[in-house]
Amino acid sequence: MDTLRSHLPKVRIPEPSSRIYKQECCVSFSTPRSEGGLFVDMYSFLAFGREYVMWNYEKTRNPVYLNIQETPKQVSEDRPHKKPTLLAIGVEGGFDSKEPEYEVSYSIVILPEFISLSYPSVELPEKVRLAVDAVLAAVGAERKEEVAAWTADKKQVSPFALSLQQLENGVKVPPSGWKCSQCDKTENLWMNLTDGTILCGRRNWDGTGGNNHALEHYQATNYPLAVKLGTITADLEGADVYSYAEDDTVEDPLLADHLAHFGIDFSSLRKTEMTTAERELDQNTNFDWNRIQEKGKELEPLFGPGFTGLANLGNSCYLASVMQAVFATKDFQRYYYENVKLDDAFKQAPADPTLDLHMQLSKLAHGILSGKYAVPSNKGLENEAPEEPKGKNALTSMLQGQDGIPPRMFKSLIGTGHPEFASSRQQDALEFFQHFLDQVEQNHAAAAGEDPSRCFKFVVEERIMCSVTKKVKYTRKTDNILSLNIPLKAAVNKDEVAAYEKRVAEREIAGEKSDEEIVRPRVPLAACLESFYASEEVQDFYSSAINARTTAIKTTRLATFPDYLVLHMRKFVLAAGWVPKKLDVFVDVPDEIDISNMRSNGMQPDEQLLPETPEEIPEQAGPVADEAIVSQLLDIGFSKVRCEKAAIQTLNTGVEEAMNWLLAHMDDPDIDEPITASGNRETSSAVLVNESDVETLVAFGFLPEMARKALRATVGDVGLLFICVIDVLPSFRI
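Conventions adopted
Residues numbered from 1 in each chain as written. Predicted model: local features only at pLDDT ≥ 70, side-chain atom pairs only at ≥ 80, totals over all residues. Heavy atoms only, no water. Helix = DSSP H or I, 4+ residues; strand = E, 2+ residues; numbered from the N terminus. Buried < 20%, exposed > 50% of the residue type's maximum accessible area, 1.4 Å probe, protein only. Contact = heavy atoms within 4.5 Å. Areas by Shrake-Rupley, 256 points an atom, 1.4 Å probe, with all protein chains shown as cover. Axes fitted to C-alpha atoms, helices over the stretch in contact; angles between N-to-C directions. Parallel < 35°, antiparallel > 145°, perpendicular 65-115°, else oblique. Left-handed = near helix turned anticlockwise from the far one by under 90°. Pairing = 2+ DSSP bridges. Nonpolar A, V, L, I, M, F, W, Y, C, P; charged D, E, K, R; others polar. UniProt positions renumbered as here; feature names shortened; annotations may be inferred. Salt bridge = Lys/Arg side-chain N within 4 Å of Asp/Glu carboxyl O. Patch = residues over 30% accessible without salt bridge, like charges linked within 9 Å, V, L, I, M, F, W, Y side chains within 5 Å. Phe/Tyr/Trp six-rings, centres within 6.5 Å; stacked < 30°, edge-to-face > 60°. Lys NZ or Arg CZ within 6 Å of the ring centre and 35° of its normal.

A count of helices and strands for the chain gives 23 helices and 20 strands. When burial is assessed residue by residue, the chain has 40% of its 734 residues classed as buried. Long-range contacts, defined as pairs at least 24 residues apart, comprise 68% of the intrachain contacts of the chain with a sequence gap of at least 6. Summed over its atoms, the accessible surface of the chain is roughly 40,500 Å², and 51% of this surface lies on carbon and sulfur atoms.

If you want it as C-alpha cells, here you go:
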C-alpha cells in the first residue's frame, strides 16, 4: 500500500470524454481472456497484454495498472437441462447457445515488480478506488468506436425535443429498481419524456425483448419521445433517445433538463443496458456466417502461420479480404513482419499507439502471419469430452474453426476522416484497396522510408497515331490496378447460355417458375486482357500535324510491370434504356497468365511525334438542330432560337425530350442568346481530362473516348455530365 501511495501522481481519474481501452491490447490481440489478462495503464488508459505491459512501463514509467482477467466458469456435467419455453437462443427460457460464461476478476498491479493488490478493497487509496470505478463503469474506446462506425450517420436533433411539453404530474423516477408499469419486465425499459411513464420496449421476432407497452403508450397518447433507462450516464451523448413520431433514434439537446423534470440526476447513473445501435451491432457481428458459406461442402479448418482469420466487425468483409491479400505479398510481409519487431514499432510510435498507422499495421501483420492466434476455437467445448476420432481427418474432425482476430483498431484508424470507411456500411473492396495504398504511401512519404505499396504500381503507356500522317503521340500514367472490360461475345458457352435463357423465357410466359441451375456465360481471362490492349479507333481526334480533326488509332500497353498485378473486372454495363446493369458472369482465371504481349516497346526509330497541340484548337462545326423537331416546337409557340437550342441540347432525340428540356430551362439567363458554332457547349479539346473520371464513366459502360469527349463537353465536371445525361434521357437511372 505504501508503494501504491507513492505512485498516486501516476493515477488519473478519467473524464467522461476519456478514451479507455479495456478490451484489447494496443500492440497485440491479447484480451482479458488471454493468459495473464489485460493491464490498463491508470494514467494513459491504454491496455496491454501480459507479454507487452513492460514495454509500456519502460517507455512511459507509468507503474500502476488495473489487471482484468476473464476465466471460463466451470459447468457441472450433471446439471439438469431446462426445457426451452421461448423460441430464442442464449436467453433465459430459450435454447442453450453453448457459449461459455466467464468469471471476471480485478486486481491492482504495480510495475516493475508486478506487486498485486486485490480489488475491490477498502484499504486502497480513495483516488485509486474512484479511478478504477470510473474505468470499469465507462464504455470502452473499442466499443465506442465500433458503435460510432455502425451509426456513422449522425443522429438528427428531433424537433419534438425542442418543443416538448412535459406534464406537471409529480412523477419522480428513482435511480434504480425500475419495472414496466404494465408488466413484470425489468429490462429493455423506456421512460416517456412527456409523462415519465416507464414501459417495456418492442417484442422481437423470436419472442425476446419487451411486450410493446412503450409503443402502445405512444399510440394511445401521441407523446413522442422516450429514453432507454440503463443507457443514461454522465456522457449524455450516449443515451438512447427514440422518437416514435419519427420512428428513429434521435438527439435530444435538452435531455438534461427533461431528465431533471422527473428528478433524475444523470451524473450519478451507470450504464447497464445496450443502446439500440449496440444491440444491432452485436446481432451483426455475432451472426454465424458459416450458415451461408460453402453450402453443402465439407471444409477442413486450417491453423498456423499465415492461416489466421479476421473476425467480422459488421459489414467488414471488404476490409478482411483486402488485408488478407495485401499481407500475402512479400513486400508487406517483409516491411511489417519480418523486418520489424513489435517492441521497436511501439518504441517509435507516438504516445497513443492506436493512432499510428505503422504500429497498427505491424500489429495486424504479426496477428495474421505469426500463427499465434490461428488456433482452434474452444467455444462451448470447455466441459465436453471429445468424440472418438474417425478416418484420415481424425484430428480435424475434433476441432472447430478459429475465432480469428478482430482488426478494430486498424479499421478505426484507416477509416478516420473518410465518410464511407469510417462507417460500418458495406463498401467496395477496390475503393478500399486504393484508399489503403494512398494512406500507406502518404505515411511512408512523411517518414521518408521504404514504401511497400510500390509493389502494386506500374506505368500505363498510351500511343495515339494520326490516321493521315501516321505521326504518333505517347502519354504515360501510373496506376495500381488494371481495369478490364468483360467481353460477353468471347464467352465459350454462348450456345448453352442462349438455350438456358430461351427456356427461362418460355417458363415465364407460361407463368411457371424455373428451378433450373443458372447457366452463366464463361469468359476466359485472356479475352478480357485482349480487350485492354486491342487497338481502338478514336473519332473526332484533333491532329496537330494537319491542324484539323480526323480519326486516330489508340493502343494501350504496360511500360512497366508490377511485382503484383491487381485486376479489376468491370462488371457494370449500360443495358437497354441506359440503365446500369451488373453482369452475372464467370471469368475463368488460369493458374498462369502470359502478359508479355502487353509490354510497351516505346517509341520506335522510324516513328515521328505529333507536334505540340496549340493552346487554341479550331472548333469543329457545331451540331445542327433537326428541322422536324424545330418545326413542331415553333407550332407550339416557342421562339426559333429556343427551339433549335432545345433540339441540339437533347441531341435531336425527339419532340418530347426537347419540350421537357425547354420547360426545365425557361429561366436560363442565356436561353435567348444566339447559338454559337459549338451549339452553346464548351467543347474545346484543350480541356484537361482527369483519367480517374474517365475510369468512373467506363465502369458504367461508356467507351473510353466517349467518356473523354463527354468530360471535355462538361469541362471535366462529372456531376454536371450525369445531370446532362439525366436531362436528355429520362429513363437513365443511377
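Moving on, we get to the packing of helix H18 (residues 627-636) against helix H19 (residues 640-649). Their axes nearest at 9 Å, the elements H18 and H19 cross at an angle of 135 degrees. It follows that H18 is oblique to H19 by the angle criterion. Classified by chirality, the crossing of H19 by H18 is right-handed. Here H18 contributes Ile 629, Val 630, Leu 633 and Leu 634 to the contact with H19, which in turn contributes Lys 640, Cys 643, Glu 644, Ala 646 and Ala 647.

With that settled, consider the sheet that holds strand S5 (residues 115-119). Spatially, S2-S1-S3-S4-S5 is the arrangement adopted by the 5 strands of the open sheet, whose pairing is antiparallel. For this open sheet the edge positions go to strand S2 (47-49) and S5, each flanked by a neighbour on one side alone. In this sheet, adjacent strand axes meet at a mean angle of 30 degrees when their direction is disregarded. When strand S4 (residues 102-110) meets S5, the two strands line up antiparallel, connected through 5 bridges. For Tyr 106, the partnering residue across the bridge sits in S5 and is Tyr 119. Where helix H3 (residues 126-137) meets the sheet, its contacts fall on strand S3 (64-72), S4 and S5, and the angle it forms with S5 comes to roughly 70 degrees.

Let us now look at H19. The element H19 is extensively covered by neighbouring structure, given that 8 of its 10 residues are classed as buried. If you check which residues of H19 are buried, you get Arg 642, Cys 643, Glu 644, Lys 645, Ala 646, Ala 647, Ile 648 and Gln 649. The positive-phi residue at the C-terminal boundary of H19 is Leu 651, with phi of around 60 degrees.

Taken N-terminus to C-terminus, the directions of helix H10 (residues 330-338) and helix H12 (residues 357-369) make an angle of 105 degrees; their axes are 8 Å apart at the nearest point. Taken as axis vectors, H10 and H12 run roughly perpendicular relative to one another. Across the interface between the two elements, Gln 333, Tyr 335, Tyr 336 and Tyr 337 from H10 touch His 358, Leu 361, Ser 362, Ala 365, His 366 and Leu 369 from H12. Partitioning the contact of H10 with H12 into residue classes produces 6 nonpolar, 4 polar and no charged.

Okay, the UniProt feature "binding site: Zn(2+)" (unreviewed entry) in the chain next. Following the UniProt record, the feature "binding site: Zn(2+)" (unreviewed entry) maps to Cys 180, Cys 183, Cys 200 and His 213 here. These annotated residues cover 34 residues of sequence, and their C-alpha atoms all fall within 8.5 Å of one another, placing them together at a single site. With respect to the helices and strands, Cys 200 occurs in strand S7 (residues 198-200). For Cys 200, a relative accessible area of 0% translates into the label buried. Apart from residues lying up to four places away in sequence, Cys 200 is in contact with Cys 180, Cys 183, Lys 185, Asn 188, Leu 189, Trp 190, Gly 210, Asn 211, Asn 212, His 213 and Ala 214. Mapped onto the elements of the fold, His 213 is located in helix H6 (residues 213-221). His 213 sits in the buried class, given a relative accessible area of 11%.

This next bit is on the pattern of salt bridges. Scanning the model with the defined rule gives 22 salt bridges in all. A salt bridge links Lys 554 to Glu 462; its shortest N-O distance comes to 3.9 Å. Highlighted residues: Lys 554 in strand S16 (residues 548-558) and Glu 462 in strand S11 (residues 458-466), separated in sequence by 92 residues. The salt bridge involving Arg 642 is made with Asp 672; its shortest N-O contact spans 2.7 Å. Of this pair, Arg 642 sits in helix H19 while Asp 672 sits in the loop between helix H20 (655-664) and helix H21 (691-699), and the two are 30 residues apart along the sequence. For Asp 672, a relative accessible area of 45% gives the class partly exposed. Through salt bridges with shared partners, a single ionic network connects Glu 24, Lys 363 and Arg 408.

What follows concerns a nonpolar patch on the surface. Together, Val 157, Leu 162 and Leu 254 make up a nonpolar patch on the protein surface, roughly 240 Å² of accessible area in all. For Leu 162, a relative accessible area of 55% gives the class exposed.

To continue, consider the packing of aromatic side chains. Going through the model one piece at a time under the given rule, you end up with 21 aromatic pairs. Centroid distance Tyr 318 to Phe 432: 5.3 Å. Interplanar angle 80 degrees. Geometry classified as edge-to-face. Of this pair, Tyr 318 sits in helix H9 (residues 317-326) while Phe 432 sits in helix H15 (residues 429-447), and the two are 114 residues apart along the sequence. Each member of the pair, Tyr 318 together with Phe 432, is buried. A ring pair is formed by Phe 432 and Phe 436, whose centres lie 6.5 Å apart and whose planes are at 25 degrees; its orientation type is stacked. With Phe 432 and Phe 436 both in helix H15, this residue pair falls 4 residues apart, about one helical turn. The pair formed by Phe 432 and Phe 436 is uniform in burial state, with each residue classed as buried. Over the ring of Tyr 43 we find Lys 10; its NZ or CZ atom is 5.3 Å from the centre of that ring. Just above the ring of Phe 114 sits the side chain of Arg 50; from NZ or CZ to the centre is 3.8 Å.

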